[in-house]
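The residues making up each chain are set out below.
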Amino acid sequence: MTTRLRVLDDGAWISVNDARKVRVSELWRLDAPDLCECELTDLVVENFQSVGVDGSTVEVRVYGQCIACGAAGTTGWIPVGRVRGGEFAELDRSAVRRVRR
Amino acid sequence: MPTDVENWKSEVYGSEIRDRLFEFAEQGFDSIPDDERDAWFERFKWWGLYHQRNGQEGYFMMRIGTPNGVLEPGQLRVVGEIADEYARGPGTNPIFGDAYADFTTRQSIQLHWIELSDVPAIFEKLEENGLSTQQACGDSWRNIVGNPVAGKDGQEVIDAWPVISDLNERFKGNDDHSNLPRKWKVSVTGSADGSGQGDINDLAFEPAYREVDGEDVVGFNVRVGGGLSRNEPRLARDIDVWVSPERVPDVAGGLSALFRDYGDREDRYNARIKFLVDEWGPEKVRETLQEEYVDFELESAGRDVREEYTYNTGAGERNDLVGVHDQKDGANFVGLNVLVGRMGAADVLDLADLAAEYGSGEVRISQRQNVIVTDVPDDALDEFLAEPLLEHYSPEPSPFMRGSVACTGTEFCSLSIVETKNRQVRFARWLKANVDLPEGVDEFHIHLSGCTASCAQPQIADVSLRGMKTRKDGDPVEALDVGLGGGLGDEPQFARWVTQRVPVDEVPGAIANLVESFAAERDEGESFRAFVARHDDDELDAFVEPEETDYEDPMMHNTKRTWYPYAEEDAMEDAPGVPGSPAGD
Ligand code: HEM
Ligand code: SF4
Ligand SMILES: [Zn+2]
């Protein structure tokens, strides 16, 4: 069964099978040395740029800003959730997320 | 590869959306097939319906496009009645109540909490009264803006209203121009005050004189590719074209067709014409327009009146249209301040009655989210100004009330990062009570946008506020970036972002400190904008100085994680669910 993944409303949210699942304005803890020099990036998610899937893992690239140091930019692919049996489960929002590729 | 949105648009777009919209309305929200929801919500925008943010599933923002902000006699009453009857949802706003209308920065009207099942009845009532939501959102010709008092303004060079009406007639529901790569925002101004804000639109017509057969003729110069969104603000660029009023539709249609054919449909972030103008340069835009889209020789630009512009310039006369002003027919127009553009339905109805009693019944909306009652004769003026409603919607407001503009924010908008309208009301009230502007400064514009889309046009204000987050004592809180010194005029300037991530409760203190430094350090008679211009970013950052005061902010937390920030039980789990749907969502 294919999963429909989309960035909609100018990057405001990620749609999974026509339902709004992941949204902007959250703070994510990232291990993203490319984005800023903080040990962990404290990223406010401003815009989703793209969404994809790698196996069962849904990944996104987002534009945002590290609120600890002010660096802004677009991330690499970051996991946001898993699709199992057609259902999407978001990763724990407080978990550290690692750029995968 | 074309985007999903482009694919949906190529399947069904434009006028034909309406039939399906009505079927869904009749059969209920749940009749929209599960796997077609994204597509239909995207298409509904073309008919002015924007799905509200998550937690508010099944409720829509409805935008009514009023060209140039003109509401003909009787139309405001219709808007008030619709707001009163249909714009009531499960959440009550603590400042504005249960039913209200928003006057927007593009001279339109927005209603919230609209249910799909009510849409046919609302459309019927709107259309019976000459109003429409068509193309109020979506990838097409949006509401055309301009000087709202076109045709009446004593300062007018040319009456732009017939031109705007004509463009509106031609390009609303026009199949050749209904599916553009992105929104298309047009401004047509006929007055010498710059109140059409052409510089921040995709396409601007501004008054200009040109010698034709030995005679000075008034027409318009053309600029293309302005816009504020997405950290990529651009001023519209001069393409060196003057056009007579009769030929405006040919040039406007030519440019919209050029955008249709050459705009980027692969990447929505790169689609606005401002990026095409970046890539091509104004010369190539002109050449392509000449060679492929018009069948007459384009004239080069005429003599403009930009140096007379005052609107939103931060100095001089008439920075807005609030207050009593002369019409050219001897009557008056009276601009009333509507704080953050929001007015309760009962007040909308009262205002409609007052406009009919003292004026012609006509009301107009400005790009500073205010309303203007036109056609008030001299002998009715005093009595009109003494009406109790005008104590609240004042023609002589405090500068902090007058200068406030705010977007929709986390209350309803998916993109937002912070609460906006109610916060700006709290800010304005606090500033009015606690801060005095220096002698002779009676305008001070503060614009608050909840994200970089910039719906509140923050970059053209004295103080620009934009939604962000920060940590305070380790906890995440809503914050604002602070920009200074923006404004329009002959030499428009976008605000410089000098201070980042100020916790929202420290923003009023920061503005108070800024004003204090301005008062202490300004040169004799200097405007705030000029003051900002002669300081560097570090100096300005030091003036801003965030500080806690007795201002308290009840919305410091992540208001986006609520289903409605002002609900008693505000958690996402407590969301009411789709109206009329047994299972909720
Ligand atoms: C549900 C609420 C709203 C949503 C979801 C929304 C969405 C957006 C988006 C996505 C953009 C960025 C467009 C782009 O990238 O080109 C934008 C820009 C803008 N919107 Fe809104 N908007 C909302 C409310 C409003 C309101 C209340 C106004 C006032 C009329 C408004 C007027 C504008 C303006 C002036 C811009 C700047 C566009 C530019 O200059 O490029 N929007 N809006
Ligand atoms: S500026 Fe951002 S938060 Fe405000 S209404 Fe526009 S899209 Fe929403
Ligand atoms: Zn950082």
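Residues numbered from 1 in each chain as written. Chains lettered and ligands numbered in written order. Predicted model: local features only at pLDDT ≥ 70, side-chain atom pairs only at ≥ 80, totals over all residues. Heavy atoms only, no water.

**Some details on the domain arrangement of chain B**
- Segmentation of chain B into domains returns domain 1 (4-128), domain 2 (161-308), domain 3 (323-397) and domain 4 (401-561).
- For domain 2 of chain B versus domain 3 of chain B, the distance between C-alpha centres works out to 32 Å. (Domains from an automatic or database assignment.)

**Considering the interface of chain A and chain B**
- Facing the 34 residues of chain A at the interface are 36 residues of chain B.
- Interface area, chain A with chain B, both sides summed: about 2,800 Å², of which 42% is carbon and sulfur.
- Taken together, chain A and chain B are joined by seven salt bridges.
- Between Asp42(A) and Arg471(B) there is a salt bridge, with the nearest N and O atoms lying 2.4 Å from each other.
- Viewed at the interface, chain B and chain A are joined by 20 residue pairs in polar contact (both at pLDDT 80 or more).
- Elements with a contribution of two residues or more to the side of chain A that touches chain B: β1 (5-8), β2 (13-16), β3 (19-23), β4 (27-31), β5 (41-54) and β6 (57-66) of chain A.
- By residue number, the principal contributor to the side of chain A that touches chain B is β5(A), which donates six residues. (Contact = heavy atoms within 4.5 Å. Buried area = accessible area lost by both parts, 1.4 Å probe. Salt bridge = Lys/Arg side-chain N within 4 Å of Asp/Glu carboxyl O. Polar contact = N/O pair within 3.5 Å; in protein donor to acceptor, adjacent residues only side chain to side chain. Helix = DSSP H or I, 4+ residues; strand = E, 2+ residues; numbered from the N terminus.)

**Focus: the site of ligand 1**
- Taken together, 23 residues lie around ligand 1, and Asp10(A), Thr104(B), Leu228(B), Arg272(B) and Cys455(B) are the ones closest in.
- Take Arg63(B): an N or O atom from its side chain is 3.4 Å from a nitrogen atom of ligand 1.
- Contacts to ligand 1 include Ser229(B), whose side-chain N or O atom sits 3.3 Å from an oxygen atom.
- Of the residues that constitute the shell around ligand 1, the class distribution is eight nonpolar, seven polar and eight charged. (Near = heavy atom within 4 Å. Nonpolar A, V, L, I, M, F, W, Y, C, P; charged D, E, K, R; others polar.)

**Details of the coordination of the iron atom of ligand 1**
- For the iron atom of ligand 1, the protein contributes exactly one donor atom, Cys455(B) (SG), at 2.3 Å.
- Mapped onto the fold, Cys455(B) is located in the loop between β18 (446-449) and β19 (463-472). (Donors = N, O, S within 2.8 Å, 3.2 Å for Na, K, Ca; no water.)

**Some remarks on the pairing of strand β20 (residues 475-484) of chain B**
All names here are of chain B.
- Burial runs high along β20: eight of the ten residues are buried.
- In terms of strand pairing, β19 meets β20 through ten bridges, oriented antiparallel. Along β20, the bridge assignment pairs Leu465 with Val482.
- The hairpin turn running from β19 into β20, its antiparallel successor, is two residues long, and Asp473 in that turn takes a positive phi close to 50°.
- Looking at chain direction, β20 and strand β21 (residues 496-503) are connected through five bridges and run antiparallel. Considered in β21, the bridge of Gly483 is made with Trp497. (Buried < 20%, exposed > 50% of the residue type's maximum accessible area, 1.4 Å probe, protein only. Pairing = 2+ DSSP bridges.)

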